[in-house]
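Secondary and tertiary structure notes
What follows is the residue order along each chain.
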Amino acid sequence: MLSLSLQILAICAVVRYDSFVSSFNLPTLKSGRLSKGSDLHMKDYPKPNVENTENYRIAEKLSSKFSSFKGSASSGKTVAIIGGGLSGLACAKYLVDAGHKPIVLEARDVLGGKVSAWQDKDGDWIETGLHIFFGAYPNMMNLFKELSIEDRLQWKIHQMIFAMQELPGEFTTFDFIPGIPAPFNFGLAILSNQKMLTFWEKLQTAPPLLPMLLEGQPFIDQQDELSVTDFMRKYGMPERINEEVFVAMAKALDFIDPDKLSMTVVLTAMNRFLNEDNGLQMAFLDGNQPERLCAPMQEHIEARGGRVRLNSPVKEIVTAEDGSVRHLLLRNGETIVADEYVSAMPVDIMKRFVPKAWSTMPYFRQMDELEGIPVINLHMWFDKKLISVDHLCFSRSPLLSVYADMSTTCKEYRSDDRSMLELVFAPCSPIAGGKVNWVAKSDEEIIAATMGELARLFPTEIAVDGSKAKLLKYAVVRTPRSVYAAIPGRNKFRPSQRTPIPNFTLAGDWTSQKFLGSMEGAVLAGKLAAEVVCERVAGVPYSAEVKEIQASVVAKASTASPKDPVRLLGEGAIACAPSTRVRPFNATN
């Protein structure tokens, strides 16, 4: 019955596919190759209906909840938030909505954390990462609406584009047919693609994934001990599915190869995306993140009595005799006293700040099991306009994850004469499944390897020796510790936002929430942290239960000795901040 149903769907997909391509004027593909005549110019699409989903309504309800606290006797509390990334800013935004007075302390001179960006001497923006917004980001979509900046999202056609490894210079697509509800639109998108998997391989993919749709999160959570590769082999999925699909998906989700990535991450993402009609539709921000997203958040916070401070690195979390936070000590000697305290620092930095009084508590010992994953983001400026697509591309390359020609996809970076590729170089270390520790390599070695890979993927346009499109300059942005490494068995150690400390709360995309280590996860974690603070000071029951701590962690903590915090070394803003250098390119390097 399943095979018959899929065959019928496949026939429908082929019939509908032709009319879909012609009606939407997709790029002309000749044997999968973008033709010179199909050079795409920027074309944005109407905002999809992302509001008509259960997840969006849940996010909207939580946003509305904060206004109910405003004006009560418990409002007006001062809340010190360490970290001005998306999670810290989101926490502050919802705290001011509840009538509180947050003060955000950012160590660096720019907001955004993992979405920060800065300008080089030429005025070009250098971004920490290539960031994409999905329709299935309900809290992020609510945030854009609440800040009245929805028009800053440049929605692209509902499509996924893959470079063809075995056919250099060619692409293939998953095309989502309008009017077909989820999850059938995704099934049809896969069935109508004739380039990546055979029909039999597609049939073999479906049965192992059905429990995800039927049983939901309980089944998904049970797969955390398995890597993507382990899961495939357990359920008899063909190896080519890994090569054709899961490699690209794993590196896009967490910068990790499938043999290192927890299957829970892939299933969680699929469950979110596949259950919403427009869940996988993608949008680019129309410019740099600090000005186009972080600045509106800062303006919202400060207009309602909150404060956002740059260049304010915290040196120590100072505790009182009862273990609560007494104050924050800044590196310049200043003391910050507040009613409540929130850490929105990355897990690797938070581990170095845990006070001695908390160091044997099982809750904080959970963090020993978590660490950030290294990632490298590249910017490459060429002397001519490359044949490109106005979208995100999955490279399926051993060295590259996803990339986009930002001169085509983003209004602020638009150029009709020259291309600027932004690429995610992953995996870039052994922890992520890479054979080479690229983070320790020189910029020149990283760019040389990337040029070699681009020349292999697009031989008609790029040559290693620069004889075709010439690389004018490049920027290599290393983030030694980015999102938490979602290797098998880690999910159960992600802590709740509510801590055992009476005036201290955790935020950050690595804390426990259902949207992984992502922009959506960061915003949701900040929102949940704000909810904890509001409920605590209002004296009302908490909405969320504290996540159970694993017995192995409790046992280790019982024999641990108290230890002083390691804190950060050196005079830099933070030890795990991205580093970059912008350089002109010399083909002889």
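Reading guide: rules and limits
Residues numbered from 1 in each chain as written. Predicted model: local features only at pLDDT ≥ 70, side-chain atom pairs only at ≥ 80, totals over all residues. Heavy atoms only, no water. Helix = DSSP H or I, 4+ residues; strand = E, 2+ residues; numbered from the N terminus. Buried < 20%, exposed > 50% of the residue type's maximum accessible area, 1.4 Å probe, protein only. Contact = heavy atoms within 4.5 Å. Areas by Shrake-Rupley, 256 points an atom, 1.4 Å probe, with all protein chains shown as cover. Pairing = 2+ DSSP bridges. Axes fitted to C-alpha atoms, helices over the stretch in contact; angles between N-to-C directions. Phe/Tyr/Trp six-rings, centres within 6.5 Å; stacked < 30°, edge-to-face > 60°. Lys NZ or Arg CZ within 6 Å of the ring centre and 35° of its normal. Salt bridge = Lys/Arg side-chain N within 4 Å of Asp/Glu carboxyl O. Core = buried A, V, L, I, M, F, W, Y, C linked by side-chain atoms within 4.5 Å. Parallel < 35°, antiparallel > 145°, perpendicular 65-115°, else oblique. Left-handed = near helix turned anticlockwise from the far one by under 90°. Nonpolar A, V, L, I, M, F, W, Y, C, P; charged D, E, K, R; others polar. 1 Å grid on protein atoms, 1.4 Å probe; cavity = no way out; pocket = protein on both sides within 12 Å on 5 of 7 lines; lining within 4 Å. Points joined across faces, edges and corners; volume = space filled by probe spheres on them. pLDDT = per-residue confidence, 0-100. Polar contact = N/O pair within 3.5 Å; in protein donor to acceptor, adjacent residues only side chain to side chain.

A look at the overall build of the protein
On a plain count of helices and strands, the protein comes out with 17 helices and 23 strands. Per-residue burial over the protein gives 60% buried out of 589 residues. Counting contacts in the protein only where the partners sit at least 6 residues apart, residues at least 24 apart contribute 74% of the total. Accessible surface, the protein as shown: approximately 22,800 Å² in total, 54% of it carbon and sulfur.

Describing the sheet that holds strand β22 (residues 504-506)
Two orientations exist for strands paired in a sheet by backbone hydrogen bonds: parallel and antiparallel. Read from one edge of the open sheet, five strands run β12-β4-β3-β16-β22, paired in parallel fashion. In this open sheet, the two strands that pair with only one neighbour each are β12 (307-309) and β22. Averaged over all adjacent pairs, the angle separating strand axes in this sheet is 20°, with direction ignored. In terms of strand pairing, strand β3 (residues 78-82) meets strand β16 (residues 340-343) through four bridges, oriented parallel. The partner of I81 across the bridge, within β16, is V342.

What about the packing of aromatic side chains?
The tally for this structure, following the rule as stated, stands at 16 aromatic pairs. With centroids separated by 4.7 Å and ring planes inclined at 45°, the aromatic side chains of F231 and Y235 adopt a geometry described as tilted. You can call F231 buried: its relative accessible area is 0%. Each member of the aromatic cluster is reached from another via a ring pair, and the members are F162, F174, F176, F186 and F394. Above the ring of F515, the side-chain terminus of R272 is found at 5.2 Å from the ring centroid.

Re the pattern of salt bridges
If you walk through the whole model with that rule in mind, you get 30 salt bridges. Between K473 and D120 there is a salt bridge; the shortest N-O distance is 2.6 Å. Of this pair, K473 sits in strand β21 (residues 471-479) while D120 sits in the loop between β5 (117-119) and β6 (125-127), placing them 353 residues apart in sequence. With relative accessibility at 10%, the residue K473 sits in the buried group. Measuring nitrogen to oxygen at the nearest pair gives 3.6 Å for the salt bridge that ties E369 to K556. Of the two residues, E369 sits in the loop between α13 (362-365) and β17 (375-382) while K556 sits in helix α17 (residues 551-558), which places them 187 residues apart along the sequence. When salt bridges with common partners are traced through the structure, they connect D120, K121, D122, D124 and K473 into a single cluster.

Considerations on the side chain of T450
The residue T450 is located in helix α15 (residues 443-457) in this model. Since its relative accessible area comes to 0%, T450 is described here as buried. Not counting residues within four places of it along the chain, the set of residues in contact with T450 comprises L378, M380, L400 and F425.

Digging into the nonpolar core
Within soluble globular proteins, side chains that are nonpolar tend to cluster in buried spots. F133, M140, F246, L328, M350 and F504 are the most contacted members of the largest nonpolar core, which has 143 residues in total. The element contributing the most residues to this core is helix α16 (residues 519-538), with nine residues. Counting 30 residues, the second-largest nonpolar core is a separate cluster that includes M380, F382, L386 and I447.

Section: the sheet that holds strand β11 (residues 282-285)
The three strands are arranged β7-β11-β8 in an open sheet whose pairing can be described as antiparallel. At either margin of the open sheet sits one strand with a lone partner, and together these are β7 (133-134) and β8 (153-155). Pairing of β8 with β11, which is carried by three bridges, proceeds in the antiparallel orientation. Its bridge partner being in β11, W155 is matched across the sheet by A283.

What to know about the packing of helix α3 (residues 86-97) against α16
The N-to-C vectors of α3 and α16 enclose an angle of 40°; their axes lie 7 Å apart at closest approach. It follows that α3 is oblique to α16 by the angle criterion. The two elements α3 and α16 meet at a crossing, and its hand is right-handed. Between α3 and α16, the contacting residues are L86, S87, A90, C91, Y94 and L95 on the first element and M519, A522, V523, A525, G526, K527, A529, A530, V533 and C534 on the second. Split by residue class, the contact of α3 with α16 holds 13 nonpolar, two polar and one charged.

A few points about unusual backbone geometry
Residues A182 and P183 are joined by a peptide bond in cis, for which omega reads 0°. Looking at the secondary structure, you find P183 in the loop between β10 (171-175) and α5 (184-192). Positioned with a positive phi, S148 is a non-glycine residue whose angle comes to about 60°. Looking at the element boundaries, S148 is found in the loop between α4 (138-146) and β8. What makes S148 exposed here is its relative accessible area of 63%.

Regarding empty space enclosed by the protein
Sizing a probe to match a water molecule and rolling it over the atoms shows the empty space that remains. Inspection of the entire model under this criterion finds five cavities of 30 Å³ or more. Taken as a whole, the second largest cavity spans an internal volume of roughly 110 Å³. Lining the second largest cavity are 14 residues; nearest its centre among them are I387, S388, Y403, L421 and F458. Residue contributions to the lining of the second largest cavity peak at three residues, all from strand β19 (residues 400-405). The residue inventory of the lining of the second largest cavity, partitioned by class, reads ten nonpolar, two polar and two charged.

Observations regarding the confidence of the model for the protein
Averaged over the protein, the pLDDT score is 88; the fraction of residues at 70 or greater is 89%. Residue range residues 1-31 is modelled with pLDDT below 50. Its contacts to residues more than four positions away, or to other chains, number 43 contacts. The model gives residues 35-40 a pLDDT under 50, and that stretch makes 13 contacts with residues more than four places away or in other chains.

Side note on the environment of R292
Mapped onto the fold, R292 is located in helix α11 (residues 289-303). C-alpha separation for the pair R292 and R152, spaced 140 residues apart in sequence, amounts to 7.3 Å. Residues in contact with R292, not counting those within four places in the same chain, are I149, R152, L285, D286 and G287. There is a polar contact of 2.8 Å between the side chain of R292 and the side chain of D286.

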